[in-house]
Amino acid sequence: MSGAATAATLVPAAALAADGQGSPSLFMLTLQMVAALGVVLGLIYLFYHLSNRWLKLGAPMGGGERHIRLVETRHLAPKKSLVLVEVGGEFLLLGSSNDNLTFIKQIDILEEIEVIDDPEKQSTMAALFQGKLDAMAAKIAAIKQGRADSPSRRAEKF
């Protein structure tokens, strides 16, 4: 029996003996609870360590390395999606529909990341989006002020 387990079994006797009337003190009961918690946590850690070491729970099923990895899936419509898969270090774009899986293209991820990280393209997209937001805000402000085309003016245009 370990030293912590021996100490945990002796604590109740010490708690009873601390008070001359045989009732345990609050401090001794707290000490007993902390010691028991330490023993339980120690046993959990020991079993976790042994199971990882002997049973190799972290290894993939079959004992070998995984060579196929699903990177991303984008759903386009019901039962239709694009799937990006890494197979042996190569990235493949596949189209998936009801009962069909179609190879579309092999993708070089490094080239795609460089295009996305281009600050010039990001700023033009941000400016375009900001322009759209400003136009919508102006339309909303015009509607609130009553300057928007009334239904009678729209009918006259046609």
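Parameters and conventions
- Residues numbered from 1 in each chain as written.
- Predicted model: local features only at pLDDT ≥ 70, side-chain atom pairs only at ≥ 80, totals over all residues.
- Heavy atoms only, no water.
- Helix = DSSP H or I, 4+ residues; strand = E, 2+ residues; numbered from the N terminus.
- Areas by Shrake-Rupley, 256 points an atom, 1.4 Å probe, with all protein chains shown as cover.
- UniProt positions renumbered as here; feature names shortened; annotations may be inferred.
- Buried < 20%, exposed > 50% of the residue type's maximum accessible area, 1.4 Å probe, protein only.
- Pairing = 2+ DSSP bridges.
- Salt bridge = Lys/Arg side-chain N within 4 Å of Asp/Glu carboxyl O.
- Polar contact = N/O pair within 3.5 Å; in protein donor to acceptor, adjacent residues only side chain to side chain.
- Axes fitted to C-alpha atoms, helices over the stretch in contact; angles between N-to-C directions.
- pLDDT = per-residue confidence, 0-100.
- Contact = heavy atoms within 4.5 Å.
- Patch = residues over 30% accessible without salt bridge, like charges linked within 9 Å, V, L, I, M, F, W, Y side chains within 5 Å.

Caption draft 1: Focus on the overall build of the protein chain. The helix and strand inventory of the protein chain stands at five helices and four strands. Overall, the protein chain shows an N-to-C arrangement of helices and strands of α-α-β-β-β-β-α-α-α. Split by element, the accessible area of the protein chain, about 13,400 Å² in all, is 64% carbon and sulfur.

Caption draft 2: Quick peek at the UniProt feature "transmembrane region" (unreviewed entry) in the protein chain. Feature annotation in UniProt assigns "transmembrane region" (unreviewed entry) to the following positions: residues 27-48. Annotated as 100% helix and 0% strand, the span residues 27-48 places its first and last C-alpha atoms 32 Å apart.

Caption draft 3: Region of the structure containing the pairing of strand 1 (residues 68-77). Where burial is concerned, little of strand 1 is hidden: zero out of the 10 residues are buried. Pairing geometry for strand 1 and strand 2 (residues 80-87), over eight bridges, is antiparallel. Residue Thr73 lies in a different strand from strand 2, and its bridge partner there is Val83. Turn length for the strand 1-strand 2 hairpin, with the two strands adjacent in sequence and antiparallel, is two residues, and the turn residue Lys79 shows positive phi of about 65°.

Caption draft 4: Highlighting the pattern of salt bridges. Inspection of the entire model under this criterion finds two salt bridges. The salt bridge partner of Glu72 is Arg74, with a shortest N-O separation of 2.6 Å. Assessed through its relative accessible area of 54%, Arg74 is described here as exposed.

Caption draft 5: How the structure looks around the side chain of Ser51. Here Ser51 lies in helix 2 (residues 26-54). At a separation of 2.9 Å, a polar atom in the side chain of Ser51 contacts the main-chain carbonyl oxygen of Tyr48.

Caption draft 6: The arrangement of unusual backbone geometry in detail. Despite not being glycine, Lys79 has its phi angle at roughly 65°, a positive value. Residue position: Lys79 is located in the loop between strand 1 and strand 2.

Caption draft 7: Structural view of the sheet that holds strand 4 (residues 100-107). The four strands lie next to each other as 1-2-3-4, forming an open sheet whose pairing is antiparallel. Each end of this open sheet is capped by a strand with a single partner; those strands are strand 1 and strand 4. The average angle at which neighbouring strand axes cross in this sheet is 25°, direction not considered. Of the pairings in the sheet, the one linking strand 3 (residues 90-97) to strand 4 comprises seven bridges and is antiparallel in character. Within strand 4, the residue paired with Leu94 across the bridge is Phe103.

Caption draft 8: Layout of the confidence of the model for the protein chain. Of the residues in the protein chain, 63% have a pLDDT of 70 or more, and the chain-wide mean is 75. Predicted confidence in the protein chain is weakest over helix 5 (residues 151-157), with a mean pLDDT of 49, and strongest over helix 2, with 92. Counting contacts from residues 152-158, a segment whose pLDDT is below 50, to residues more than four positions away or on other chains yields two contacts.

Caption draft 9: Representation of the environment of Leu94 within the structure. Here Leu94 is to be found in strand 3. If near-sequence neighbours (up to four positions away) are discounted, Leu94 is found in contact with Ser81, Leu82, Val83, Val85, Leu101, Thr102, Phe103 and Ile104.

Caption draft 10: The arrangement of a nonpolar patch on the surface in detail. A grouping of Leu37, Val40, Leu41 and Ile44 is seen on the molecular surface, where their side chains present a nonpolar patch of about 380 Å² in accessible area. Residue position: Ile44 is located in helix 2.

Caption draft 11: A look at the side chain of Glu86. Along the chain, Glu86 turns up in strand 2. Here Glu86 falls in the buried class, since its relative accessible area comes to 18%. One polar contact links Glu86 to Arg69, side chain to side chain, over a distance of 2.6 Å.

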